[in-house]
Amino acid sequence: MDIQNIARTVVARMTGVVFLGHPTCRNKDCLRISVQYPMDTFQTAFTLRMFPTFIHPFLALLLPSRRRLWKHKKQAEAILTPLIEKHREKSSTGNDEIGSLLDWMLDNAAGDEAAPTEMTSRQLILTLASIHTTALAITHALFDLCAHPEYLEPLRQEIEEVTKDYPGVDFLHQGLPRLEKLDSFLAESQRFHPPVLSKPCADHSQSTPC
């Protein structure tokens, strides 16, 4: 089972609620773009960095990953344009309720920032920092739970106690800070499994980061 792929989908849906709201957060094309756009961006960047900078403009035209990025942006713009138009209609009628990050960005946009093409680029940039790092942290945490099943029951008990004391919306505002064991477990998991090492170890036989 590809846990990381499942984690990416879950995180993409979670961030989609914040970025674009319902029901766009469950749009299959939107979820796919949120996951694939960062992957194709990094693949394009890594490939270009293998060659001199003066040939980057020409080489980029030949890269399949770069062509996929252009396709992702066109598809994302087709999804966001109706949302932008809907927001403008609400604003014109005096309904300034902010339901998503997109609404806030449109309300605070200056100049051409609210144009569909520009806003699409900004939304896609947000996926670079929000999807894969979080999904990787969840994946490592699940692997660590499998490697150390003795932590399952204490974490489960803590979650059950906190959710019982702080049901519903209260859990988000007051319950989450009380999950001290879970917070400690996640922090240690990420300490042992950083997404990127700052520098390689001099002794390559070492299995831990320098």
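Thresholds, definitions, all that
- Position labels on residues start from 1 in each chain and follow its written sequence.
- Under the rules for a predicted model, residues below a pLDDT of 70 receive no local features and side-chain atom pairs below 80 are neither given nor counted, while totals for whole chains, interfaces and linings still include all residues.
- Calculated side-chain values reflect all of the structure's heavy atoms, with hydrogen atoms and water omitted.
- Note on method: axes are straight lines fitted to C-alpha atoms, helices fitted across the in-contact stretch only, with angles between N-to-C directions ranging 0 to 180 degrees.
- Secondary structure elements follow DSSP: runs of H or I no shorter than four residues count as helices, runs of E no shorter than two count as strands, and numbering proceeds from the N terminus.
- Angles are sorted into four bins: roughly parallel if under 35 degrees, roughly antiparallel if over 145, roughly perpendicular if 65 to 115, and oblique for all others.
- Residue contacts are defined here by distance: any two heavy atoms, one from each residue, within 4.5 Å place the two residues in contact.
- A score between 0 and 100, pLDDT records how confident the predictor is in each residue.
- In the cavity and pocket records, a cavity denotes points on a 1 Å grid over the protein atoms alone where a 1.4 Å probe fits but cannot get out, a pocket denotes an open set with protein on both sides within 12 Å along at least 5 of 7 lines, and lining residues are residues with an atom within 4 Å of a point.
- Grid points are joined across faces, edges and corners, and a volume is the space filled by probe spheres set on the points.

### Overview of the packing of helix α8 (residues 152–165) against helix α10 (residues 180–192)
Taken N-terminus to C-terminus, the directions of α8 and α10 make an angle of 135°; their axes are 8 Å apart at the nearest point. One element, α8, and the other, α10, form an angle in the oblique class. In this structure, α8 uses Pro154, Leu155 and Glu158 to contact α10, whose residues at the interface are Glu180, Lys181, Leu182 and Phe185.

### Observations regarding unusual backbone geometry
Residues apart from glycine generally show negative phi values, whereas peptide bonds are mostly found in trans. Cis geometry marks the peptide bond from histidine 22 to proline 23, where omega comes out at -5°. Mapped onto the elements of the fold, proline 23 is located in the loop between α1 (3–19) and α2 (28–48).

### Concerning the confidence of the model for the protein
Chain-level statistics for the protein give a pLDDT mean of 87 and a share of 90% at 70 or above. In the model, residues 198–210 has pLDDT below 50 throughout and makes eight contacts with residues more than four positions away in sequence or in other chains.

### Regarding the layout of surface pockets
Of the volumes computed, that of the second largest pocket is approximately 220 Å³. In terms of lining residues, the second largest pocket is bounded by Ile138, Ala141, Leu142, Leu145, Tyr151, Leu152, Leu155, Arg156, Ile159, Leu182, Phe185 and Leu186. Contributions of two or more residues to the lining of the second largest pocket are made by α7 (132–147), α8 and α10.

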